[in-house]
Amino acid sequence: MTLSRFVTKSAFRNKRRSLLTVLSITFSLLLLTLMMTIWHTFYIDKGSAESAQRLITRHRVSLTESMPSYYREKIRATPGVVAVAPTNWFGGIYKDAKPENFFAQFGTDPEEILKVYTDFKIPADQLLAWQRDRAGVIVDNDLAQKFGWKLGDRIVLQGTIYPVDLELTIRGIYTASVPTQSVYFNQTYVEEAVSFAKGKAGTFDILTDSPQSVSTVASAVDNMFRNSPEPTKTESEKAFQLTFINSIGNVKAFILSICFAVVFATLLVSATTMAMSIRERTREVAVLKTLGFTRQSILQLYIGEAVLVALIGGALGCLLALGLVSALRQAPGMVLFLSGLKVTVSTLLFAIVVAGMVGLLSAILPAYHAAKLNIVEGLRYIG
Amino acid sequence: MAIPISYNIRNLKLRKGLTIMTALGIALTVTTAVFLMALLAGLQKAFMTSGDPVNVLVMRKGSTAELSGGFDASLFPTLKTLPGIAKDSQGEPLASGEWVVVVVLPRKDGTGEVNVSVRGLMPAGLTLRPNAKLVEGRWFTPGQREVVVGHSIHNRFSGANLGDTLDFAKGQWKVVGVFDSGGTAYDSEIWGDVNQIAADFDRQGAYASVYLRATDPVAADALKHRVSDDQRLKLEGTLETEYYEKQTSSGGAIKYIGEFVAVIMAIGSSFAAMNTMYAAVAYRSREIATLRIIGFSRPSILTSFVIEALLLSLLGALVGIVLILPFNGMSTGIGNSLTFSETVFSLHLTWEIALVAVAFAMIMGLLGGVAPAWHAARQDILTSLRA
């Protein structure tokens, strides 16, 4: 019998206990993988290649202040800018104020917005139809499926920020690489209805010619308006999105503390199992020693056993997490900021390594005691 | 006949290491659940206590928050003369036209920038919010670029001390006072003169909201309907309490994520508890057989082991609640989807939460304990004695 076979055999000598331990670790690791996936998506993921070339300009004071529309042409003249389109948060109510009916609504310029968002795919005839209809709207594919919208349907957005109810006709359905939960309509509609909306823009979305020019364009734009009455703040699309995540609260501390609790709980579970299992085998250890097994190989045996159980639990946890995330992505009415969740290989590897480390740590103390055991006392042990 | 509980307690004491580790596992799960519940309770408390039942908030019809568009200032005199409004010592009606704007300030601990609400109000606005009390300095002077900062702002942001200047909109603002409104949403605001704020943000000639203080709650309700029903005004009145009640929905994300995390952790802990209880049964199979011979019935053995599992989880719950105590009252901020800015609230541990936590742990104990106890009760006496 080889050493690895011995480890496997003894890891599952008490099937029920090993199964329960594996399951317990599985659920903890599932949570850990999910939390790390959220962390990765928020703080590490750089976004798509297109996203890395985009910038968002807002009013320096805050997102709720607007800038004059003429800034757009000045921004366009900045070297490195390929396209620039204004977007205005409408914040209207669709059907009722329930959270599940909430989605982002932007007033924009139909001629240019898709030149900025080059990763939005829409049939050419639909785009043309939208550009021709001042009361037209294009909607995200996922959103269209959720509400059962078809081309030609009419939707009404009841204004809260602007005193106007928009009656829009769906002219196009676009798909984006990451679900956007958004609709875009012609801002002219709002400007014609509401006098105070005229000549104003909430944000300018900019496409630059390369990821390298992003930082130079950002500082060039902000410098241009530094001493004007409405100074700006320009940041990458990713950084802009991060400000929203930061505004939810201290997400980093939240995720970290959950991860810490989960890892510690897993450690406890694994350590309890190993302590029980090694104590049970006190006499066996003495026999092994009598047969000539060294302290070191006994230490290796037990640590290997714990690591094996933890790794199986970890791998199952990762699998469950993969399944859950893909289920979450398809769930309708997904919270906007979670729709981009993606489990990466590095996250999975990290989770497995954590599981292995937990197994290792949990076994060190009981295995050390076993290895140190006095043979005669061990043989006398009656449990 | 039932087996005395002291038997279970002694057994738990006998294998101290195992008991402590399992209880600690349950405790961690309880701690996480309690932490999330206390967060929500704190948030609820901040919003529920924010509104004053006699204050009526008037906004443009269709507006959901004070940030939205606003209405013409010429309507203000009409609102002021409505019946049912309380008068100050000079006989002036307590009505305040206001603006709320959002500015970005850097956090004191260097963890980034946060949106903060700045409220411009009339002097009457201070009188109709008697809960807001000055802690340091004085109130702002109308016509000056002066602000007073809420207690939470003072604690969380640099440059928000008495005598400091805050830089936002078109220049600098002198901090002349700090106020405390008893942990309500106002503590996360900066207050200044409405005309100064409107001028800086190009919003002259209009108000985002008007606050009216009614003489009593009944008058407040009448006032609210009077404003909303007047077709010429195109305005809507809301009780201030109702307005803040709506904002508790900001905690929605915490609630869903919290429930999810707690359930997953609980499943993991239940498996661990089951393991411990199975081990407890296995160690004692001879003992159980002896108990049966003495005459204890199968149901009493079943009950006894379930009780032992429940004791174990109770211990876990107690440890879990104790672990959270140092964090009670700790404050944190949450983004408010309605006002686009951060509201600070404190972790609020209540008796209800503690009870829910104990029940939650008991469920884990029950899930983990029933199968092993069943196993114990079903053991064959002779085989067990020979083991």
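Cut-offs used in this document
- Residues numbered from 1 in each chain as written.
- Chains lettered and ligands numbered in written order.
- Predicted model: local features only at pLDDT ≥ 70, side-chain atom pairs only at ≥ 80, totals over all residues.
- Helix = DSSP H or I, 4+ residues; strand = E, 2+ residues; numbered from the N terminus.
- Rg over C-alpha atoms; globule rule 2.2 N^0.38 Å.
- Buried ≥ 20, exposed ≤ 12 C-beta atoms within 10 Å, placed from the backbone.
- Contact = placed C-beta atoms within 7 Å.
- Axes fitted to C-alpha atoms, helices over the stretch in contact; angles between N-to-C directions.
- Left-handed = near helix turned anticlockwise from the far one by under 90°.
- Nonpolar A, V, L, I, M, F, W, Y, C, P; charged D, E, K, R; others polar.
- Pairing = 2+ DSSP bridges.
- Parallel < 35°, antiparallel > 145°, perpendicular 65-115°, else oblique.
- pLDDT = per-residue confidence, 0-100.
- Domains from an automatic or database assignment.
- Core = buried A, V, L, I, M, F, W, Y, C linked by C-beta atoms within 7 Å.
- Expected span 1.5 Å × (residues − 1).

**What about the overall build of chain A?**
The secondary structure content of chain A amounts to 14 helices and 12 strands. Its C-alpha atoms give chain A a radius of gyration of 29 Å, more than 25% over the compact-globule value 21 Å for 383 residues. Across its three principal directions, the C-alpha atoms of chain A cover 95 × 45 × 35 Å. Here chain A holds 383 residues, and the buried ones make up 44% of them. Considering only contacts within chain A whose residues lie at least 6 apart along the sequence, 81% involve residues at least 24 apart.

**Re the overall build of chain B**
Within chain B, the regular secondary structure consists of 13 helices and 14 strands. Rg of the C-alpha trace for chain B: 29 Å, well past the compact-globule value of 21 Å for 387 residues, more than 25% over. Across its three principal axes, chain B shows a C-alpha extent of roughly 95 × 45 × 30 Å. In chain B, which comprises 387 residues, the proportion classed as buried is 50%.

**Structural notes on the environment of Pro142 of chain B**
Residues and elements named next belong to chain B. By secondary structure assignment, the location of Pro142 is in the loop between β5 (133–137) and β6 (146–150). For Pro142, a count of 14 C-beta atoms within 10 Å translates into the label partly exposed. Counting along the chain gives 24 residues from Pro142 to Val118, while the straight-line C-alpha distance between them is 15 Å. Dropping the residues within four chain positions of it, Pro142 is found in contact with Pro123 and Asp193.

**Some remarks on the packing of helix α10 (residues 251–280) of chain A against helix α13 (residues 345–372) of chain A**
Residues and elements named next belong to chain A. Direction vectors running N to C along α10 and α13 enclose 35 degrees, while the axes themselves pass 8 Å from each other. Two packed elements cross with a definite hand, and for α10 against α13 that hand is right-handed. Judged by residue contacts, Val263, Thr266, Leu267, Ser270, Ala271, Met274, Ala275 and Ile278 of α10 engage Val354, Val358, Gly359, Leu361, Ser362, Ala363, Pro366, Ala367 and Ala370 from α13. Split by residue class, the contact of α10 with α13 holds 13 nonpolar, 4 polar and no charged.

**Points about the environment of Val263 of chain B**
Within the secondary structure, Val263 of chain B sits in helix α9 (residues 252–283). Spatially, the C-alpha atoms of Val263 of chain B and Ala282 of chain B are 28 Å apart, while their sequence positions differ by 19 residues.

**Examining unusual backbone geometry**
All names here are of chain A. Backbone geometry at Lys95 places phi at a positive 65 degrees, although glycine is not the residue there. Along the chain, Lys95 falls in the loop between β4 (93–94) and β5 (104–108). Residue Lys95 is classed as exposed on the basis of its C-beta count, with 12 C-beta atoms lying within 10 Å.

**Some words on the pairing of strand β14 (residues 341–346) of chain B**
Residue and element names in this part refer to chain B. Most of β14 sits inside the fold, with 6 of its 6 residues counted as buried. One ladder, built from 6 bridges, connects strand β13 (residues 331–336) with β14; its direction is antiparallel. Paired with Ile334 across the bridge in β14 is Thr343.

**A word on the interface of chain B and chain A**
Frequently, the measure chosen for interface size is the accessible area removed from exposure when the parts meet. Facing 49 residues of chain B, the contacting portion of chain A comprises 41 residues. Within the residue set of the side of chain B that touches chain A, elements represented by two or more residues are α2 (16–48), β3 (95–106), β4 (113–121), α9 and β13 of chain B. Of the residues contributing to the side of chain B that touches chain A, the split by class is 25 nonpolar, 22 polar and 2 charged.

**A few points about the sheet that holds β5 of chain A**
All names here are of chain A. Strand order across the open sheet formed by 10 strands is β4-β7-β8-β6-β9-β5-β3-β11-β1-β12, with mixed pairing between neighbours. With one partner strand each, in any of the chains shown, β4 and β12 (232–236) form the two edges of the open sheet. Here 3 bridges tie strand β3 (residues 81–89) to β5, and the two strands are oriented antiparallel to one another. In the strand pairing of β5, Asn88 is matched with Gly107. Lying on the sheet, helix α5 (residues 124–132) is in contact with β6 (136–140) and β8 (165–174); it crosses β8 at an angle near 160 degrees.

**As for the packing of α10 of chain A against α2 of chain B**
Direction vectors running N to C along α10 of chain A and α2 of chain B enclose 160 degrees, while the axes themselves pass 9 Å from each other. Between α10 of chain A and α2 of chain B, the interaxial angle falls into the category roughly antiparallel. Crossing handedness for the pair α10 of chain A and α2 of chain B: left-handed. Of α2 of chain B, the residues touching α10 of chain A (which contributes Ile258, Ala261, Phe264, Ala265, Leu268, Val269, Ala271, Thr272, Ala275 and Met276 of chain A) are Gly17, Leu18, Met21, Thr22, Leu24, Gly25, Leu28, Thr29, Thr31 and Thr32 of chain B.

**A short note on the confidence of the model for chain A**
Interpreting fine coordinate detail is not advised for predicted regions of low pLDDT. Across chain A, pLDDT averages 88, with 96% of residues at or above 70. Per-element confidence in chain A is highest for strand β11 (residues 203–208) of chain A, whose mean pLDDT is 96, and lowest for helix α9 (residues 237–248) of chain A, whose mean pLDDT is 79.

**Details of the domain arrangement of chain B**
Residues and elements named next belong to chain B. On domain assignment, one finds that chain B holds domain 1 (5–48 + 250–386) and domain 2 (55–215). For domain 1 and domain 2, the distance between their C-alpha centres works out to 47 Å. Contacts between the two partners involve 12 residues from domain 1, matched on the other side by 16 residues from domain 2. Broken down by secondary-structure element, the contributors of at least two residues to the side of domain 1 that touches domain 2 are α2, β13 and β14. Take the side of domain 1 that touches domain 2: its biggest share by element is 5 residues, from β14. Residue classes in the side of domain 1 that touches domain 2 are distributed as 5 nonpolar, 6 polar and 1 charged.

**Here we look at the nonpolar core**
By size, the foremost hydrophobic cluster in this structure holds 174 residues, and its most contacted members are Leu31 of chain A together with Val30, Val34, Ala38 and Leu212 of chain B. The element best represented in this core is α2 of chain B, accounting for 18 residues. Contacts of Leu31 of chain A, omitting those with residues within four sequence positions, involve Val262 of chain A together with Val261, Ile264 and Met265 of chain B. The next biggest cluster of nonpolar side chains, apart from the first, holds 44 residues, and it includes Phe120, Trp130, Leu166 and Ala201 of chain A.

**Here's the deal with helix α2 (residues 15–44) of chain A**
In a regular helix each residue adds 1.5 Å, so 30 residues correspond to 44 Å; α2 of chain A covers 40 Å between its end C-alpha atoms and thus fits that length. Across the 30 residues that make up α2 of chain A, a large majority, 23, are buried.

**Side note on the environment of Ser181 of chain B**
Residues and elements named next belong to chain B. Counting through the fold element by element, Ser181 comes out in the loop between β8 (171–180) and β9 (189–193). Placed 50 residues apart in sequence, Ser181 and Asn131 show a C-alpha to C-alpha distance of 5.3 Å. Excluding its chain neighbours within four sequence positions, the residues that come into contact with Ser181 are Asn131, Ala132, Gly150, Tyr186 and Asp187.

**Considering the pairing of β6 of chain A**
Residue and element names in this part refer to chain A. Most of β6 is tucked away: 5 of the 5 residues are buried. Bridging between β6 and β8 involves 5 bridges; their strand directions are parallel. Paired with Asp140 across the two strands is Tyr174, which belongs to β8.

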